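Summary of the model geometry
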Amino acid sequence: MSLTQHVYFAISSVGTTADDITQLLGVEPDEVTVRGSLTTSPHTIPFCHCWKVFCREPGLPVDEQIDQVIGRLRPRMEALTNLTTRLATEEGPGGAILQVQRYFNRHDEQPSGSPDDTNLFGWHLDRALVDFLAATGADLDVGEYDMTPSDD
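My aim in this report is to walk through the structure given alongside it, one point at a time.

Parameters and conventions
Residues numbered from 1 in each chain as written. Predicted model: local features only at pLDDT ≥ 70, side-chain atom pairs only at ≥ 80, totals over all residues. Heavy atoms only, no water. Salt bridge = Lys/Arg side-chain N within 4 Å of Asp/Glu carboxyl O. Helix = DSSP H or I, 4+ residues; strand = E, 2+ residues; numbered from the N terminus. Buried < 20%, exposed > 50% of the residue type's maximum accessible area, 1.4 Å probe, protein only. Contact = heavy atoms within 4.5 Å. Core = buried A, V, L, I, M, F, W, Y, C linked by side-chain atoms within 4.5 Å. Axes fitted to C-alpha atoms, helices over the stretch in contact; angles between N-to-C directions. Parallel < 35°, antiparallel > 145°, perpendicular 65-115°, else oblique.

Counted under the stated rule, the structure contains six salt bridges. The partner of Arg72 in a salt bridge is Asp30, and the shortest N-O contact between them spans 2.7 Å. Highlighted residues: Arg72 in helix 2 (residues 62-73) and Asp30 in the loop between helix 1 (18-25) and strand 2 (31-33), separated in sequence by 42 residues. Owing to a relative accessible area of 34%, Arg72 belongs among the partly exposed residues under this scheme. Residue classification places Asp30 among the partly exposed residues on the basis of a relative accessible area of 42%. In this structure, Arg56 and Glu31 form a salt bridge, with 3.6 Å as the shortest nitrogen-oxygen distance. Taken together, the positions of Arg56 in the loop between strand 3 (49-55) and helix 2 and Glu31 in strand 2 put the pair 25 residues apart, joining distant regions of the chain. Residue classification places Glu31 among the partly exposed residues on the basis of a relative accessible area of 31%. Several salt bridges share partner residues, and in doing so they unite Glu31, Lys52 and Arg56 into one network.

Below is the structure:
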């Protein structure tokens, strides 16, 4: 069974731009989204600014991908918690998220490993990560998708 996966940490905000987030954290994002960059009428799309730090390293288990992403942010922990606390106060919960996305049997990309090379199927959250998520008020979202073509 093939498996591709990646992990990212994102901060989203209606009012604070990705450039502002970069300035406040002193960490360059891997990807940004600009609020209203696609359209502003009748609805703003995308509805918020988003700042993301990714790990797409093939062959790494999810917990190691998470460690790489969080490792980039930990040196700026005080600025990060100040920002996420402010955003939660001003805009409500949901401004920070740790996203894990895993695609099984996806044939349009190179697999990030195989069970024969590295066991990519199991992963865990250690106390340090749980503490990080709690301190930043971040949600954890895990999406696992079976991409096996249907026989329709």
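Within the element layout of this structure, Thr22 appears in helix 1. Excluding its chain neighbours within four sequence positions, the residues that come into contact with Thr22 are Val27, Glu28, Pro29 and Trp51.

What follows concerns the environment of Glu64. Positionally, Glu64 belongs in helix 2. In this structure Glu64 comes out as partly exposed when scored by relative accessible area, which is 39%. Each C-alpha atom of the pair Glu64 and Trp123 lies 8.9 Å from the other, and the pair is 59 residues apart in sequence.

To continue, consider the nonpolar core. In this structure, Phe9, Ile11, Leu25 and Trp51 are the most contacted members of the largest nonpolar core, which totals 27 residues. Going through the elements one at a time, strand 1 (3-13), helix 1, strand 3, helix 2, helix 3 (77-91), strand 4 (96-104) and helix 4 (127-136) are the ones with two or more residues in this core. Contact partners of Leu25, with chain neighbours within four places excluded, come to Ile11, Trp51, Arg76, Ala79, Leu80 and Leu83.

Moving on, we come to the packing of helix 1 against helix 3. Across the interface, helix 1 lies against helix 3 with an axial gap of 9 Å and an inter-helix angle of 140°. In terms of their interaxial angle, helix 1 and helix 3 are classed as oblique. Contacts between helix 1 and helix 3 involve Ile21, Leu24 and Leu25 on the former and, on the latter, Ala79, Leu80, Leu83 and Arg86.

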